[in-house]
Structures are given as structure tokens and as C-alpha cells.
Amino acid sequence: MPFLGMVNLQTLSITFNNISTIKPLPSQFTTIMYRLGIVQLHLEGNGIRTIPSYAFNGLDKLQTLDLHQSRVVDILDHAFAGLGSLKKLFLDNNLIENCPLESFRILPSLQTLQLTNNRLTSVSQFSGIKTLKTLQLRFNKIEKLDLDTWDLSSLESLDLSNNKLPRLERNSFEGLQKLNSLSLSQNPITIIMNNALHGVDNLQSLDLSNLGPLGSFSTPFAQLGQLKNLNLAGTTLNADSQTFTGLKSLQELSLKTASLTKNDIWDPKKNTSAFSMLLKLKTLLLSGNVLDDMHSKTFANMTALTKLTLDNCDITYLHPDIFSNLTSLQYLFLHDNKIKTLDPHHFINLISLIGIKLQHNEITQIDTNLLSNKKRLSYVYIANNVLSVVAEGTALPKYFLDISGNPLSCVCQLQWFRRWIDKSNVTLMRPNQTVCSKTSLDGLQGKLLLSFDPKYKCGPDVILYISIVFIILGLLLGVIMSYNKRWWLQYKLFHLKLLLIGYEEVEDARKHTDYRYDINIIFYDDDLEWVEQVLMPGIEEKLPDLNRFVCGDDDLPLGMYYMDAVIYVIENSYKTIVVVSEAAVTNHNFITKLRHVVDNMNEEEVEKAILVFVRDLPADNLPYLVRLFLSENKPYILWNEDMYGQLLFWDKLVKNISINRRMNDLMPI
């Protein structure tokens, strides 16, 4: 009772004083106690094994009571009676196994209750605390959540980590409508039922790290539409494209050391990523998994991602398009892998990149454009690789660069880099471990890179300057001569190009299904027998998909004038085959049809006609229109009675029918 007269006392700390007993004040002193203004009472570090009934009666203004690490075993009924203003109660690191059901319900203002590292086996005694916002139950021995309804309507944070929960049943947290933070880490949980998290729709942070090996589960997070942080680090799970269904607001996901492989995060059957629904995700932590050769679209939909960690993932190969859609990515960690080569295409779209970690890989060189167009790039850590030279013009960060532990060759080729370090604002990280290798200039082997002074080691190269002068003069002379002979050169170069590489053939985008007819065959009546016995059967056998034929005049559409019908079929056919024979070229009607075929080709600018010669005709017997068609390099095929000649005929015909090429008027006639 030495403090009874101190009416202005607000904080009382009696810690580590070997106090073993709390004796409630006699009733005659209760009125005096009410006059005390103690707001905080610290009794931690004592030996108070039992908290008696009405132990703190009279401290009605007390808001914080700390009894942690006081060897408390028993809490008697009404131990905290009279503490009407108490908001925070700390009972961590004691030996408490059970608490009377009314121990905490009689505290009308309690908001924080910490019982970390005790011996509790049940959570039933915490139900009904209407004002409680934070409940810490880490490091206890809770094996089952034995509440049908928690009845903690104000609870916002619940920590059940490091207990002995083997599974989560359906509706395990019913009654926690305002819960926004839940930790279940370090429990031997192997089963999570689909509705285990029903009723905590406002949850924003969920820690499921270091659980037992979770089996396959369908959609355990489907109702957590407000969840922003999900920690599954150290928890072995079989992820698929449905695992993260419902997490439409998720911003941070940790899957570190979760025993994942590339097949766990990409579903080949559905051709989709496990992260395809996480459109708002900003942080994805995948460190410590086995993720070599990931599918190119693993991160395709993650345009909001700002941080991605892929360190310690046994990566040797990265697909060039693996990061192509990560335009918001700011931090990329690829350190401690086995990467040998990085291509500029890997980072071409990472326009927001601020920092990248590449240390402890097997990278032999940095492409000059690897990190170009990265205006915000501030730091690059590429220590402990196998870099010998940094090529001149290589894009580098603004502020921090760690290139230590590489076998840098301090030769004149590196002098630009050495000067860049002095002129830029970059801080060279670990300069005492950035050393010249054995391949450096004499006197520099084993020395610090910063001791390399190009001014004394690398003088001007006179031979190089003289060579440059002669090269420039030669180029000027060549330009002058080329200008004077430009038309002659262009003519010769055009024909040389055709001789060596040919010309580019551009296919027409339209398919045979875009036309009314597949094949239109125009022939003279004398060739009907050859068409019916040879041409038609061969096309039907080799091109079964092209079965809409117009063969001769008999198949022309009814209700039109003859020549209108001929033109209509020519315009609406995918291919027109013109059968040429000695009799056909002397028939005016046949030549008229051929003229319409040529006119239609010129109008559409598509080579959609083929001349098929029944037999070889002398050039003098060919009409002008046929010779013009052939001179402009349009397709034609000759029938041959020889067996191999016929095989060649059908191969050419199938090839020419299968595609329509755009005309190339640049080709010489």
C-alpha cells in the first residue's frame, strides 16, 4: 500500500522484483484506490503463479496491465473484476493452461489480449468478449477450434500460429465478421476444407506459412474478395489455375520455398497460369522453388505487378517473353540461380524497373542493350558472376552498382567503364572486392578496379586513327562513285537480288471457304474426256476439302446470260483452272473466257488462275493472250504421259491450288 496517496501517479512499473503474491486490498481501502489515476501497471518478470479474485479491484482507470513472463499458472474467478477501463492485457510467456469462462468477459473495454507462449488447449474461454480487437494465441497447444460461433464481433486480428491444429473444418471462424488479419502459420495443418474461411469476408491478411504438406484443394479462398496479403511461404501445396479463385483484391502473395515446379504454376491442360486471376497483385514472392524453363505466359496477366522474386529457383533458362507484360514491375530478383545468358528481349518491356538483382549466377557478359530504356533504373547487383569485360555503351544504373566478385579484365577495352565510374553519380558497392583478374594489364593483376588509371595505361592508338581516316576517305569516294552510277547499280543489284534470293511471295489472306466455289474448270468441248477421266478424279483424291466444282458450261448457274454466268463463276471461285489444248486455242469463245480470267486476276491482283496444258504446244501456235499470261510469270503446268512427269504434275497442281499469291508487279516481264 505504499502508493495509495499518489493520486497523480499514472504509470507504475514493478518489474523483475520477485513478487510472488498479489493480495487484494481490504474493502476499506477500495474507495481510496478509486482516487488513484494509474493508467499503466507493469508487473512483468515476477513470480506470480496465481492471480486471485479481485486482484486489481479499485484500479478503475487502468488501461494497460502487463503480466508477461511472471510464471502465472492459475487465474481465479473474477481475477480482473473492477478493471472497467482496461484496454490491453498482456499475459505472454506464462504457464496458463485454462482460464475461467468469465475471466475476460467481465472486462467491458478490453481491446488487446495477448496470451502468447502459454499452455492453452482451447479457445472457448474467449468467446463473448464484445470489445476485443486483437487476440494473440501464438505458441500454445491448441489442437482444435472448439467454437461453433466465436461471438467476437469486434475482433480484427487473430494469431493462432505455432499451435497444433491438424486441419481446418468448415466454418472454422464463423462469427468473426470484422476480422482483417489471421495467422495460422507453423501449425501441422494438412487439410483445409473449402468453406473453412466462410464468414470472414473482410479478411485482408492471411498467414498460412510453414504448414504441413497441403494436399490438393479446390477453391479455399473463393470468399476472400477483400484479401490483400496471402502468405503461403514454406507450405507445400499442389497449386493449379483454380487455387487462387476469388482473390480479386490480392496485392501480395508469398510462395517462397513452397516446393513448386514450373508445372505447378502453369496448367498445360487448360493452357493457363495459376496466377491468371490475380489482376491486382503487386508483390509475388517465389524464392526457393524449382522453376527452370517456365512457360512464356506464366506472368502474362500480371500487369500491376511491381515486385517479383525468383531467387534460388535453379533457373538456367528464361523464355525471352517471360516478363513481356510486366510493364509495372519495379523490382526483379533473379540472384542465386544458374543463369548463363540474358537477352535484351527479356527486359525490353520492363519500363518501370528500379532495381534488379543478378548476383551469384553464371553470366559471362552483359549485352549493351540489356538494360536500355530504363529511365528509373537505380541499382543493379550483378556480383559473383563470370564477367570479364563491360562493353562500351552498356546501359547501367543511376545510383548503385555491385559488380564485385567477377574476374574483371583491367585492359584498355575497360577504360571507358573505369572513366564512367568517376564521372557518374553511381556508388560502386563493395569496391574492396571489385578486383582485376589475372588477364589484366601488367601490374594490375589482383589490384582493385579503382586503382586502374587508363590515363597512364592506355595511350592514344595512332594506327587506329590513321586507319579511321583512310576508311572515311574510302567511304566518301565510294559514295561519290555510287551516286554517279546509281541507276546502273540499282538495275544490276535488282537482278542480282532476284538471282540469289528470289523475291518475296505474299499469300492472299482469303481461304477457299471465303468463296462461293472452290474450283472452276474452263475447257474446250474436245477436252471433256481428259477433264472427266484425269483432272477431276485427281483433284477429288488429292484435295478432298475442295469439293465445290464448276466444271464447264453445264455447271454454270441458271437464270443468267451465258457470258454473265461465266464472269460470275470466275469472280466467285477460289481457283480457276484453264485447260489449254490445240483445239482450245483456236476457239474464239475459249479465248474470250481466258480474257475474262486474266481481267479478273488483274482487278483483284491475285494469281487465282492456273493454265494446264494437255500437251506441249509450239510457241508459234499460242495466242497472244496465252503468251502474255506466261511472260508475266503466271503459273502453268504441263501434263505428261511419263509416270514421274505425272507425279510432278500433281505435286505442282496441288501446291498452286492450295494457296493464292498476291501479284508482284516489280518482277521483270
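Caption draft 1: Summary view of the state of the cysteines. A full pass over the atoms with the stated rule returns one disulfide. Here Cys-410 engages in a disulfide with Cys-436; their sulfurs sit 2.0 Å apart. Taking the torsion about the sulfur-sulfur bond, which here is approximately -85 degrees, the covalent link between Cys-410 and Cys-436 counts as left-handed. With a gap of 26 residues between them, Cys-410 in the loop between strand 23 (400–402) and helix 4 (415–423) and Cys-436 in the loop between strand 24 (427–428) and helix 5 (454–457) connect regions that are remote in the sequence. We classify Cys-436 as buried; its relative accessible area is 3%.

Caption draft 2: Here's a closer look at the pairing of strand 27 (residues 573–580). Summarising burial for strand 27: eight of the eight residues are buried, a large majority. Relative to strand 27, strand 25 (residues 517–522) is paired through five bridges, and the arrangement is parallel. In the sheet register, Ile-522 faces strand 27, and the bridge partner there is Val-578. Relative to strand 29 (residues 609–613), strand 27 runs parallel, the two being bridged by five bridges. Bridging from a neighbouring strand, Thr-576 pairs with Ala-609 of strand 29.

Caption draft 3: Focus on the layout of surface pockets. Of the pockets and cavities examined, the second largest pocket occupies roughly 380 Å³. At the level of secondary structure, the elements contributing two or more residues to the lining of the second largest pocket comprise strand 25, helix 8 (528–542), helix 9 (562–571) and helix 10 (588–604). A class-by-class count of the residues in the lining of the second largest pocket yields ten nonpolar, four polar and five charged.

Analysis parameters
- Residues numbered from 1 in each chain as written.
- Predicted model: local features only at pLDDT ≥ 70, side-chain atom pairs only at ≥ 80, totals over all residues.
- Heavy atoms only, no water.
- Disulfide = S-S within 2.5 Å.
- Helix = DSSP H or I, 4+ residues; strand = E, 2+ residues; numbered from the N terminus.
- Buried < 20%, exposed > 50% of the residue type's maximum accessible area, 1.4 Å probe, protein only.
- Pairing = 2+ DSSP bridges.
- 1 Å grid on protein atoms, 1.4 Å probe; cavity = no way out; pocket = protein on both sides within 12 Å on 5 of 7 lines; lining within 4 Å.
- Points joined across faces, edges and corners; volume = space filled by probe spheres on them.
- Nonpolar A, V, L, I, M, F, W, Y, C, P; charged D, E, K, R; others polar.

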